[in-house]
Amino acid sequence: MFYKSSKCNFEAFNLNPINLNKNMSWLADTLTSSIGRKLIMSLTGLFLIVFLVVHLSGNFQLLANDGGESFNAYTKFMTTNPLIATISYGLYFFILLHIIMSIVLYRRNRSARPITYKKYDGSANSSWASRNMGILGTVILIFLVIHLRNFWYEMKFGSLPLDEFGNKDLYLIVSQAFSDVWYVALYVVCMIGLAFHLSHGFASAFASLGVSHNKYTPFIKKFGIAFAIIIPLGFAAIPVIMFINSLG
Amino acid sequence: MKFNLKIWRQKNNKDKGGFKDYVLDGVSKDMSFLEMIDILNEQLTEKNEDPVHFDHDCREGICGSCSMYINGRPHGPLREVATCQLHMRSFSDGETIVIEPFRSKGFPVIKDLAVDRGAFDRIIQAGGYISVNTGGTPDANEIPISKTVADEAFNSATCIACGACVAACKNSSAMLFVGAKISQLALLPQGKVERKERAQKMVAQMDAEGFGACTNTGACSIECPKGITFSNIARMNREYLSAEVTSEK
Ligand code: HEM
Ligand code: FES
């Protein structure tokens with residue numbers, strides 16, 4: 001009797017044989033699972049966070065008050081150094097991957113609820129930023145397109161005038177752009193979008209990686225909020241200061 | 001008390017369904033939410049109308065049968081309370097209450113507010129058990145486990161599988177449920193033996209059921225009637241990713 005019932009149970013477990021190997025390789029299975037996709041989101045997001053720090057520290061040279069000498073020397077180094085060039089290909093790839101994966105996840109998540117609620121009270125249980133990562137990301141994307149077109153494209157493919165040291169005078173282009181109040185306003189609004197994206201994204205990336213710890217998680221959350229304020233504030237301060245300087 | 005109820009009515013899974021308005025008067029503030037629906041159903045039956053179908057069983061917050069998405073939140077406005085334990089005093093007289101079924105691709109509507117949560121059973125069948133021999137009933141004091149870890153496993157084990165996490169999540173993700181079920185076993189010595197395969201199989205089944213991925217909004221944990229902590233999701237991510245990398249298959 002006992003044997004029979006335990007055998008029944010055993011069969012019940014096999015009602016749904018799980019095919020663990022959907023794809024050619026275990027790695028493809030892992031990376032196409034819901035958790036694997038979040039892993040990609042999180043790793044690319046963290047890479048972009050590191051990039052933001054590097055980018056901001058470079059931007060501060062715009063404020064050097066030397067007519068662009070140090071900034072132009074820096075941009076020359078950033079575009080000609082082979083190591084930086086290699087890393088920048090990684091950056092292009094990771095940002096594309098972050099965007100593509102966000103679309104893949106968005107579509108999957110949408111299809112998981114074919115009929116939506118009539119009344120939905122999201123603010124009762126979650127932060128606004130966490131519910132609007134896609135919109136915030138889109139704000140960043142629009143910014144990126146404009147930003148790359150105006151500065152990155154000009155530096156790489158445009159015919160920039162040379163400064164007195166023979167470097168491409170990107171400083172000139174940047175300071176021209178930052179004397180336009182609308183450009184500065186757009187820049188600041190997009191940095192607010194970035195701030196909210198990071199206010200959720202920073203800590204979220206660690207949760208996706210499986211990091212949850214009594215000692216470290218509270219620190220990661222606080223650090224994430226501080227990071228989400230300080231970095232976009234730093235980015236936004238530069239055009240604002242240059243705009244004010246352009247008036248005088 | 002008097003209430004204006006906006007209730008989702010749907011004849012069966014094929015039916016399109018829609019909202020229907022009811023006015024219910026003479027409700028006691030001490031009635032539970034389900035008792036309030038019982039009264040409505042009595043009136044409907046007397047009028048020869050089809051009563052509102054909904055899931056319930058224990059009515060004491062332990063079975064996880066009751067579902068209902070009330071005014072934009074699963075199990076209504078209170079924290080750590082299932083619909084059956086929610087009382088009408090939590091609402092104001094004359095209030096309009098919108099009542100919808102839990103919405104998810106993984107939870108097809110059976111009728112009205114009753115949904116099929118069989119997907120959760122299939123996820124458990126995929127790996128939410130211990131199949132290695134663990135001997136006879138051991139002396140509880142013989143198991144080498146710290147109080148902290150035992151408490152953590154217990155927190156995970158209090159999940160009643162009601163599906164509020166799925167209903168609350170903007171992505172309709174089942175990760176709090178699956179995270180809790182993976183955690184409760186992964187934390188205990190008996191469950192450690194099969195932890196890798198368990199995480200792999202349960203996550204694969206969760207994905208196959210069509211649930212969404214997690215954005216770490218934390219809505220699930222806030223709305224959970226049992227207060228299952230959000231850290232269960234991070235633990236599942238950890239269990240799953242390390243299993244994928246280190247397992248033999
Ligand atoms: C410098 C730019 C960016 C940084 C530093 C950044 C950083 C992050 C981080 C850290 C996360 C959290 C990942 C996780 O939860 O595991 C995240 C999530 C997300 N990002 Fe970005 N991101 C950037 C740009 C973008 C862009 C351009 C888009 C889309 C057009 C985007 C869309 C998203 C979406 C939709 C999520 C949430 C995905 C989900 O969990 O469902 N991000 N981002
Ligand atoms: S009916 Fe059992 S938990 Fe609500």
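Just so it is clear, the model here is predicted, and its values are computed rather than measured.

Colleague: Would you explain the overall build of chain B in this entry?
Modeller: A tally of regular secondary structure across chain B gives nine helices and seven strands. For chain B, the spread of C-alpha atoms along the principal axes amounts to about 60 × 40 × 35 Å. Counting over 249 residues, chain B shows a buried share of 54%. A fraction of 69% describes how many contacts in chain B between residues 6 or more apart in sequence connect residues 24 or more apart.

Colleague: Sorry, what's going on with the site of ligand 1 here?
Modeller: Taken together, 25 residues are adjacent to ligand 1, and Lys38(A), His98(A), His197(A), Ser204(A) and Ser208(A) come closest. Neighbouring residues of ligand 1 are not confined to one chain but are distributed across chains A and B. Note that an oxygen atom of ligand 1 is positioned 2.5 Å from one of the side-chain N or O atoms of Ser204(A). Between ligand 1 and Ser208(A) there is a distance of 2.6 Å, counted from an oxygen atom to a side-chain nitrogen or oxygen. Listed by contribution, the elements that provide at least two residues to the shell around ligand 1 are α3 (34-59), α5 (82-111), α7 (133-156) and α9 (181-208) of chain A. Here the shell around ligand 1 gets seven residues from one element, more than from any other, and that element is α3(A). Broken down by class, the residue content of the shell around ligand 1 amounts to 11 nonpolar, 13 polar and one charged.

Colleague: How should the coordination of the iron atom of ligand 1 be read in this particular structure?
Modeller: Four donors placed tetrahedrally about a metal ideally form angles of 109.5 degrees, and six donors placed octahedrally ideally form angles of 90 or 180 degrees. Residues and elements named next belong to chain A. Binding of the iron atom of ligand 1 to the protein goes through His-98 (NE2) and His-197 (NE2), at separations of 2.0 to 2.1 Å. For the iron atom of ligand 1, the six donor atoms in the first shell make angles of 88 to 179° at the metal, a pattern classed as octahedral. Here the residue His-98 occupies a position in helix α5, and His-197 occupies one in helix α9, the gap between them amounting to 99 residues. Across the pair, exposure class does not vary: His-98 and His-197 are buried alike.

Colleague: Looking at this structure, how should I read the interface of chain A and chain B?
Modeller: By convention, interface size is frequently given as the accessible area that disappears when the constituent parts associate. The interface of chain A with chain B comprises 43 residues on the first partner and 55 residues on the second. Overall, the association of chain A and chain B removes approximately 4200 Å² of surface from exposure, summing both partners, and the carbon and sulfur fraction of that is 58%. When the buried surface of chain A facing chain B is broken down by residue, Ile35(A), Tyr117(A) and Asn125(A) rank first, second and third, together holding 15% of it. The interface formed by chain A and chain B includes zero salt bridges. On inspection of chain A and its partner chain B, the count reaches 26 residue pairs in polar contact (both at pLDDT 80 or more). Looking at the side of chain A that touches chain B, the elements with two or more residues in it are α1 (2-13), α2 (26-32), α3, α5, α6 (128-131) and α9 of chain A.

Colleague: What is the right way to look at the pairing of strand β5 (residues 96-100) of chain B in this model?
Modeller: All names here are of chain B. Along β5, four of the five residues are buried, which leaves the element largely enclosed by surrounding structure. Sheet topology note: the strand β3 (residues 69-70)/β5 ladder contains two bridges and is antiparallel. What sits directly across from Ile-70, in β5, is Ile-99.

Colleague: Looking at this structure, I do not really get the nonpolar core. What am I missing?
Modeller: General note: in soluble globular proteins, nonpolar side chains tend to be found buried as a group. Core analysis: the biggest nonpolar cluster contains 38 residues, and Phe120(B), Ile123(B), Val178(B), Met206(B), Phe211(B) and Met236(B) have the highest contact counts within it. Counting residues per element, this core draws most heavily on helix α5 (residues 175-186) of chain B, at six residues. Residues in contact with Phe120(B), not counting those within four places in the same chain, are Phe107(B), Ala161(B), Gly163(B), Val166(B), Ala174(B), Phe177(B) and Phe211(B). In terms of nonpolar packing, the next biggest core, distinct from the first, is built from 36 residues, Ile49(A), Leu52(A), Tyr187(A) and Cys190(A) among them.

Colleague: Looking at this model, I keep getting lost on the environment of Gly72(B). Mind explaining?
Modeller: Counting through the fold element by element, Gly72(B) comes out in the loop between β3 and β4 (73-74). With residues near it in sequence (within four places) discarded, Gly72(B) still touches Lys119(A), Tyr120(A) and Asp121(A).

Colleague: What am I meant to see in the state of the cysteines here?
Modeller: Such a bond, covalent and formed between the sulfur atoms of two cysteines, is termed a disulfide. Residue and element names in this part refer to chain B. Scanning the entire structure with this criterion turns up zero disulfides over all chains. Free of any disulfide, Cys-224 has its nearest neighbouring cysteine sulfur in Cys-162, separated by 6.2 Å. Judged by relative accessible area, Cys-224 falls into the buried class, the value being 10%.

Colleague: Mind showing me how you'd approach the confidence of the model for chain B here?
Modeller: Summing up the model confidence of chain B, the mean pLDDT is 96 and the portion of residues at 70 or higher is 100%. Overall fold confidence for the complex sits at a pTM of 0.93, while the interface term, ipTM, reaches 0.93.

Colleague: Explain the environment of Gly118(B) here, please?
Modeller: Within the secondary structure layout, Gly118(B) lies in helix α2 (residues 118-127). Once the C-alpha coordinates of Gly118(B) and Glu209(B) are considered, the two residues, 91 residues apart in sequence, prove to be 9.8 Å apart.

Colleague: How should I be thinking about the confidence of the model for chain A in this particular structure?
Modeller: Detailed reading of the predicted model is not advised wherever pLDDT is low. All names here are of chain A. The pLDDT averaged across chain A works out to 91; a share of 91% of its residues lies at or above 70. No element of chain A has a lower mean pLDDT than α1, at 40, and none a higher one than α6, at 98. Low pLDDT, under 50, characterises residues 1-15; the stretch is placed with four contacts to residues that sit more than four places away or in other chains.

Colleague: Teacher, can you tell me more about the packing of helix α3 (residues 147-157) of chain B against helix α9 (residues 231-246) of chain B here?
Modeller: Helices that pack against each other are described as a pair by the angle of their axes relative to one another and the distance between those axes. Residue and element names in this part refer to chain B. Between α3 and α9, the shortest axis-to-axis distance is 11 Å and the interhelical angle comes to 100°. Considering their axes alone, α3 and α9 lie roughly perpendicular with respect to each other. The residues of α9 that touch α3, namely those facing Glu-152, Asn-155 and Ser-156, are Ser-231, Asn-232 and Arg-235. Across the contact of α3 with α9, the residue classes tally to no nonpolar, four polar and two charged.

Colleague: Would you explain the domain arrangement of chain B in this entry?
Modeller: Residue and element names in this part refer to chain B. We note that the domain assignment places domain 1 (3-110) and domain 2 (117-246) within chain B. Once you take the C-alpha centre of each, domain 1 and domain 2 turn out to be 29 Å apart. The interface of domain 1 with domain 2 comprises 23 residues on the first partner and 21 residues on the second. Summed over both partners, the interface of domain 1 with domain 2 comes to about 1600 Å²; 55% of that surface belongs to carbon and sulfur atoms. Area buried by domain 1 at its contact with domain 2 is led by Pro-74, Glu-80 and Phe-107, which between them contribute 31% of it. At the junction of domain 1 and domain 2, the tally comes to two salt bridges. For Arg-117, the salt bridge is made with Asp-55, and the minimal N-O distance between the two is 3.2 Å. The tally of links between domain 1 and domain 2 comes to six residue pairs in polar contact (both at pLDDT 80 or more). For the side of domain 1 that touches domain 2, the per-class residue count stands at nine nonpolar, eight polar and six charged.

Rules behind the numbers
Residues numbered from 1 in each chain as written. Chains lettered and ligands numbered in written order. Predicted model: local features only at pLDDT ≥ 70, side-chain atom pairs only at ≥ 80, totals over all residues. Heavy atoms only, no water. Helix = DSSP H or I, 4+ residues; strand = E, 2+ residues; numbered from the N terminus. Buried < 20%, exposed > 50% of the residue type's maximum accessible area, 1.4 Å probe, protein only. Contact = heavy atoms within 4.5 Å. Near = heavy atom within 4 Å. Polar contact = N/O pair within 3.5 Å; in protein donor to acceptor, adjacent residues only side chain to side chain. Nonpolar A, V, L, I, M, F, W, Y, C, P; charged D, E, K, R; others polar. Donors = N, O, S within 2.8 Å, 3.2 Å for Na, K, Ca; no water. Tetrahedral: all angles 85-135°; square planar, octahedral: opposite > 155°, others 65-115°. Buried area = accessible area lost by both parts, 1.4 Å probe. Salt bridge = Lys/Arg side-chain N within 4 Å of Asp/Glu carboxyl O. Pairing = 2+ DSSP bridges. Core = buried A, V, L, I, M, F, W, Y, C linked by side-chain atoms within 4.5 Å. Disulfide = S-S within 2.5 Å. pLDDT = per-residue confidence, 0-100. Axes fitted to C-alpha atoms, helices over the stretch in contact; angles between N-to-C directions. Parallel < 35°, antiparallel > 145°, perpendicular 65-115°, else oblique. Domains from an automatic or database assignment.

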